[in-house]
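Remarks on the overall topology
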Amino acid sequence: MSSMAAAAAVFCLCVGITLITHSAESRIPLTQVDAGLRAVAQRAMLCVVVGVSLLVAGWLYRLLFCPLELVRPLHDVGYVAEDGRSKARAANEMRRRRRVGDVPPVYPNGWYRVLHSPMLHRGEVKSVSFLGEQLAVFRGQDGKAYVLDAYCPHLGANLAVGGRVVGNCVECPFHGWQFRGDDGKCEKIPYADKVPEIAKVRRWPSCEVNQQILVWFHCDGAEPQWSVPEKQEITNGQWVYRGRSEHFISAHIEDLSENAADASHLGHLHAAGFTSGSDPLHYNSQTWDCVQHNWKIQWEPESEPNSHCSKMLINHSLTVFGHHFSLLDMQVVARQVGPGLVFLQIDDRFFGRGVILQCVTPVEPLLQRVSHTIYYQSNVPALVPKFFLTVESIQVHGFDSHQ
Ligand code: FES
Ligand SMILES: [Fe+2]
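Rules used in this analysis
- Residues numbered from 1 in each chain as written.
- Chains lettered and ligands numbered in written order.
- Predicted model: local features only at pLDDT ≥ 70, side-chain atom pairs only at ≥ 80, totals over all residues.
- UniProt positions renumbered as here; feature names shortened; annotations may be inferred.
- Pairing = 2+ DSSP bridges.
- Helix = DSSP H or I, 4+ residues; strand = E, 2+ residues; numbered from the N terminus.
- Axes fitted to C-alpha atoms, helices over the stretch in contact; angles between N-to-C directions.
- Core = buried A, V, L, I, M, F, W, Y, C linked by C-beta atoms within 7 Å.
- Buried ≥ 20, exposed ≤ 12 C-beta atoms within 10 Å, placed from the backbone.
- Domains from an automatic or database assignment.
- Contact = placed C-beta atoms within 7 Å.

The name an unreviewed UniProt entry gives the chain is cholesterol 7-desaturase, with Nothobranchius furzeri as the organism. In its Sequence similarities (unreviewed entry) section, the UniProt entry covering the chain states "Belongs to the cholesterol 7-desaturase family." Listed in UniProt under the heading Cofactor (unreviewed entry), the comment for the chain reads: "Fe cation".

Shown next as structure tokens:
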């Protein structure tokens, strides 16, 4: 429901409740209530009915037609508030205790998602934390997304905080230097005739595929060595956006892929029904034991030129009170593409077709931003993909993200 409709509903409710209260507080005996007062009471009831109807209609509209957005802050997933400390404090204590130590490279080479395309409008610039760096991601007047280091080489202002897009450049909010999205070179200094050659900021290779803006990282600065597979159905609009979730996991990025490829963990960790919720303290409780997920998976790497990919075939079934509902059996193909992307492809004779894009982007050495974005056949009711996204989020938030 739009904020206007919500405001109208709340206004109607307030007017109605005020009128009812006013009528109830009237000192005139009920038998002497005149016709005018009765009319006021009727109008009050009408306001309440209209207000409640608007609220219900808004809720139904959101449920049936709007994308589902489950964006959670760092401390909201995987941390337990105990011994009188808040979840936020638990998360901060964990960050302080964290040591990188002797581990594989914390930023493997590959493509990483930084933004959902609709979040960046033409002429807009956004600040993004990425691989321990700060980026300025902006959309030029040509409609292309560009990615530069956020900090200005002049005196260090953040280009994404108060900076503005001019043509296909971003202008520094401090002294107005303008940097080209194409190569990061300074094109104009408003108070100088000449621009020094060294006035440039780092440009990051980027692409926009499947309605995601992605950035390439290579430890030696090499240009992209493979490209992000495009889902034609998303590009041509057959599959539409039905929602996304975003949360953080405190772990090495490699842990996530290794955990996913470990077939046996599914049967142990993900058997608890989605009805158990995602609270790590409760999902093993007996209350919802009646619902169980069953998994069979098979994992295999791909050969050249796709040695950066692997495939997992997942057979999922659901039992309720020990009864197997074969109609709910599903086969999902999870294709890992490089360290930061997974395509969860759903192709079901009953529920239709779609994909969940799971993207893992390191924010700091041992901190990952994990997003799931679902695109689904436009003729399948939105409730179906929203249900899948919710179940996927419960499984990943509650189980794989536990610290
Ligand atoms: S700090 Fe950016 S132009 Fe001076
Ligand atoms: Fe898992």
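1. Considering the sheet that holds strand β8 (residues 178–180)
Reading across from one edge, β6-β7-β8-β9 is the order of the four strands in this open sheet, with antiparallel pairing throughout. Since the sheet does not close on itself, it has two edges, and those belong to β6 (164–166) and β9 (186–188), each with one partner. Here the strands of the sheet are splayed against their neighbours by 40° on average, with no regard to which way each runs. Looking at chain direction, strand β7 (residues 169–171) and β8 are connected through three bridges and run antiparallel. Paired with E171 across the strands is Q178, a residue of β8.

2. Digging into the UniProt feature "transmembrane region" (unreviewed entry) in the chain
Within the UniProt annotation, "transmembrane region" (unreviewed entry) is assigned to residues 42–64. Helix and strand shares over residues 42–64 are 100% and 0% respectively, and the end C-alpha atoms of the span are 32 Å apart.

3. Points about the sheet that holds strand β11 (residues 212–217)
Read across the open sheet, the three strands follow the order β2-β11-β10; overall the sheet is antiparallel. Either end of the sheet is taken by a strand with one partner, and the two such strands are β2 (110–116) and β10 (206–209). On average, each strand axis in the sheet is inclined to that of its neighbour by 30°, with strand direction left out of account. Across four bridges, β10 lies against β11 in antiparallel orientation. By the bridge assignment for β11, E208 is matched with I213.

4. Observations concerning the nonpolar core
Among the nonpolar cores identified, the biggest contains 60 residues, and V114, A136, V137, L159 and V170 are the most heavily contacted of them. In this structure, this core is formed jointly by two domains, domain 2 (68–94 + 232–400) and domain 3 (110–217), each of which donates at least three residues. Leave out the neighbours within four places in its chain, and L159 touches V125, A136, L148, A150, C152, V170 and C172.

5. Quick word on the pairing of strand β18 (residues 352–364)
Across eight bridges, strand β17 (residues 341–348) lies against β18 in antiparallel orientation. Bridge pairing links V342 to Q358 in β18. Counted between consecutive antiparallel strands, the loop separating β17 from β18 contains three residues. As paired strands, β18 and strand β19 (residues 367–377) are joined by ten bridges and run antiparallel to one another. For Q358, the partnering residue across the bridge sits in β19 and is H372.

6. Overview of the pairing of strand β4 (residues 133–139)
Extensive coverage of β4 is indicated by the burial of five of its seven residues. With antiparallel pairing between neighbouring strands as the criterion, strand β3 (residues 125–130) and β4 make up a hairpin whose turn holds two residues, including L131 at a positive phi of roughly 50°. Where β4 and strand β5 (residues 145–149) come together, five bridges link them in antiparallel fashion. Paired with R139 across the bridge in β5 is A145. Following β4, the chain reverses through five residues before pairing antiparallel with β5; G143 in that reversal takes a positive phi of roughly 85°.

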